[in-house]
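Structural overview
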Amino acid sequence: MPMAADEIEALIVAGIPDARVEMTDLAGDGDHWAARVTAESFRGLPRLKQQRAVYAALGDRMGGVLHALQLTTAVPVQE
Amino acid sequence: MSTDPDQIRIAELVGKSDVLLFMKGSPLFPQCGFSSRAVAILNHLGAEFDSVDVLQDQGVRQGIKQFSDWPTIPQLYVKGEFIGGSDIMMEMYESGELATLLEEQGVVKAG
C-alpha cells in the first residue's frame, strides 16, 4: 500500500514540530509525492542536514513503502 | 574503521573516483526517474563521472545507506565527500552551486 499524503505529512510534523508541509501528487497515482518542508528550525542548517531531519522523521519507510518522494526543504521567508 | 566488507568496498569505490554516482541502472539506461535526473544534471554540467549500479550489487545497495547515512538512491560523491541525493543535486544545479563545486574540484570535462 502506498502512503497517503496526510500520513506522510503527519510523520514529518511529528518529527519536526515547526514544519509546514506541502504535498504534491506528482504522477496522480497517490504513490509519487513531492514534499516541500518549511521549518524555522532548519535555519542555519546545510541542506543535507535539513533533508536528513525529514528522512529521520519518516524512519525506515523511506526507500520502503515510501519509495518515491521528491523532497525540498526551506526556511520560512522573514517578513 | 568499519570491518564490514560492503562498507570497506564502498569506501574504496568512493576513494577511487573524483565524481561517483550511486544509481539504479546505468547512465545510458537509468532504471529510476531520480537516477535519470541525477545523470542528466551531471551530463549537462559536463562532469566527468563514474557510476555504480546498485541494482547489480545488493551489498552496495544496502550498505550505501549506512555509509552515507542517507536512505535513498541516487547519491553523489565528489572527491570523497557526500553531496546529496537528486533533490539536493537539482537545488544546487539551479542555484549554480553544483557547477561551481565541480569547477573548483576540477572535474568538468575540458572544452
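Residues numbered from 1 in each chain as written. Chains lettered and ligands numbered in written order. Predicted model: local features only at pLDDT ≥ 70, side-chain atom pairs only at ≥ 80, totals over all residues.

So, on to the sheet that holds strand β3 (residues 69-74) of chain A. Residues and elements named next belong to chain A. The strand order β1-β2-β3 describes an open sheet built from 3 strands, whose pairing is mixed. Both edges of this open sheet fall to β1 (20-25) and β3, since each of them pairs with a single strand only. Direction aside, neighbouring strands of the sheet carry axes that sit 15° apart on average. (Pairing = 2+ DSSP bridges. Helix = DSSP H or I, 4+ residues; strand = E, 2+ residues; numbered from the N terminus. Axes fitted to C-alpha atoms, helices over the stretch in contact; angles between N-to-C directions.)

Residues and elements named next belong to chain B. For helix α3 (residues 58-68), every residue scored as buried is listed here: Val 60, Gly 63, Ile 64, Phe 67 and Ser 68. Looking straight down α3, one finds that the buried residues subtend no more than 120° of arc, so they occupy a single side. Residues Gln 58 and Gln 62 are exposed on α3 and point more than 90 degrees away from its buried face. Packed against the buried residues of α3 are α1 (5-16), β1 (19-23), β2 (50-53), β3 (75-78) and β4 (81-84). Taken from the residues just after α3, Asp 69 is the one with a positive phi, measuring 55°. (Buried ≥ 20, exposed ≤ 12 C-beta atoms within 10 Å, placed from the backbone. Arc of directions from axis to C-beta. Contact = placed C-beta atoms within 7 Å.)

Residue-level pLDDT values for chain B average 95, and 97% of them are 70 or greater. As a predicted assembly, this complex carries a pTM of 0.91 together with an ipTM value of 0.85. (pLDDT = per-residue confidence, 0-100.)

Each side of the interface is counted separately: chain B has 7 residues, and chain A has 10 residues. Ranked by residue count, the leading element in the side of chain B that touches chain A is helix α4 (residues 86-95) of chain B, at 3 residues. Split into classes, the residues belonging to the side of chain B that touches chain A amount to 2 nonpolar, 2 polar and 3 charged. (Nonpolar A, V, L, I, M, F, W, Y, C, P; charged D, E, K, R; others polar.)

All names here are of chain B. With 12 residues, helix α2 (residues 33-44) ought to run about 16 Å at 1.5 Å a step, and its terminal C-alpha atoms sit 16 Å apart, in line with that. Taken together, the buried positions of α2 are occupied by Phe 34, Ser 35, Ala 38, Val 39, Ile 41 and Leu 42. The buried residues of α2 occupy an angular sector of 160° when projected down its axis, which confines them to one face. Along α2, exposed side chains directed more than 90 degrees from the buried face belong to Asn 43 and His 44. Where α2 is buried, its residues meet β1, β3, α4 and α5 (97-104). At the C-terminal side of α2, Gly 46 shows a positive phi close to 70°. (Expected span 1.5 Å × (residues − 1).)

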